[in-house]
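Okay, here's what each chain looks like letter by letter:
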Amino acid sequence: DVKVTQSSRYLVKRTGEKVFLECVQDMDHENMFWYRQDPGLGLRLIYFSYDVKMKEKGDIPEGYSVSREKKERFSLILESASTNQTSMYLCASSLPDRFGPQHFGDGTRLSIL
Amino acid sequence: AQSVTQPDIHITVSEGASLELRCNYSYGATPYLFWYVQSPGQGLQLLLKYFSGDTLVQGIKGFEAEFKRSQSSFNLRKPSVHWSDAAEYFCAVGANQAGTALIFGKGTTLSVSS
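Conventions used here
Residues numbered from 1 in each chain as written. Chains lettered and ligands numbered in written order. Predicted model: local features only at pLDDT ≥ 70, side-chain atom pairs only at ≥ 80, totals over all residues. Heavy atoms only, no water. Helix = DSSP H or I, 4+ residues; strand = E, 2+ residues; numbered from the N terminus. Rg over C-alpha atoms; globule rule 2.2 N^0.38 Å. Buried < 20%, exposed > 50% of the residue type's maximum accessible area, 1.4 Å probe, protein only. Contact = heavy atoms within 4.5 Å. Areas by Shrake-Rupley, 256 points an atom, 1.4 Å probe, with all protein chains shown as cover. Lys, Arg positive; Asp, Glu negative; His and termini not counted. Charge placed at Lys NZ, Arg CZ, Asp CG, Glu CD. Buried area = accessible area lost by both parts, 1.4 Å probe. Salt bridge = Lys/Arg side-chain N within 4 Å of Asp/Glu carboxyl O. Polar contact = N/O pair within 3.5 Å; in protein donor to acceptor, adjacent residues only side chain to side chain. Nonpolar A, V, L, I, M, F, W, Y, C, P; charged D, E, K, R; others polar. Phe/Tyr/Trp six-rings, centres within 6.5 Å; stacked < 30°, edge-to-face > 60°.

It is worth spelling out the overall build of chain B at this point. Counting its secondary structure elements, chain B contains zero helices and 12 strands. Listing the helices and strands of chain B from first to last along the sequence gives β-β-β-β-β-β-β-β-β-β-β-β. Relative to a compact globule of 114 residues, whose C-alpha radius of gyration would be 13 Å, chain B shows 14 Å and is just as compact. Seen through its principal axes, chain B has C-alpha atoms that stretch 45 × 30 × 25 Å. Put simply, chain B has 114 residues, and 46% of those count as buried. Put simply, 53% of the contacts in chain B that link residues at least 6 apart link residues at least 24 apart. When the accessible surface of chain B is totalled, it reaches about 5,300 Å², and 47% of it is carbon and sulfur. If you average the places of the 8 positive and of the 8 negative side-chain charges in chain B, the two averages end up 6 Å apart.

Here's what the structure looks like:
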């Protein structure tokens, strides 16, 4: 069974802090994704990566960066956290085959105070 | 531009009654369509997917969905709802291209009354 693990379920940080959200998958998937989920807005793609050291901007990349140094790990970085980045963050992974579904982690609920 | 619309924000269904959740998409080519479910405090779980072939697809937990190209729809159905089906449901469309991301609808919250 595919397992996507997000390092924290709940996280509280202060404005201006640099925040790291970590995601690890154990199925050797090439593709990895970071989404943000807000009530009434659904899931919005922040960044995705289709290979090690490769990244593509999604719909809302502003204020975020990512790192993929190893295939199994995809990190989301909030360079200088702001209160409007308080949200649920979901990581997903998939095979490069377009038929492959995305497998999701349980999410990190991030609060910026 | 690609988009997915789920017209119903919130639906309440009695336990044992049938369910239909609506999904409309806008996509220039043959879409790849998915339904996901999210229980409270959890990530998203894939219910079913459509790529080609039979337009009625079966999924897990007794769900099915029908692809109707003429209506640009991919509605999710279940003949008899159980209380454990209460969750948020997301429809998503994918591009016919490897290495691209899905586009999700805004979700429909399902409540089940006894």
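The next thing to look at is the interface of chain A and chain B. Taken together, the contacts link 20 residues of chain A with 24 residues of chain B. Here chain A packs against chain B, burying approximately 1,700 Å² in sum over the two surfaces, 57% of which is carbon and sulfur. Across the contact surface, chain A and chain B share zero salt bridges. On the surface where chain A and chain B come into contact, there are four residue pairs in polar contact (both at pLDDT 80 or more). Classifying every residue of the side of chain A that touches chain B by side-chain character gives 11 nonpolar, six polar and three charged.

A few words now on the packing of aromatic side chains. All names here are of chain A. What the rule picks out here adds up to 15 aromatic pairs over all chains. Taking the centre distance of 6.2 Å and the plane angle of 25° together, the rings of Phe33 and Tyr35 count as stacked. Each member of the pair Phe33 and Tyr35 is classed as buried. Seen from their ring centres, Tyr35 and Phe104 are 5.8 Å apart, and the 35° between their planes marks the pair as tilted. With Tyr35 in strand S4 (residues 31-38) and Phe104 in strand S10 (residues 103-104), this pair connects stretches of sequence that are 69 residues apart. Just as Tyr35 is buried, Phe104 falls in that class too.

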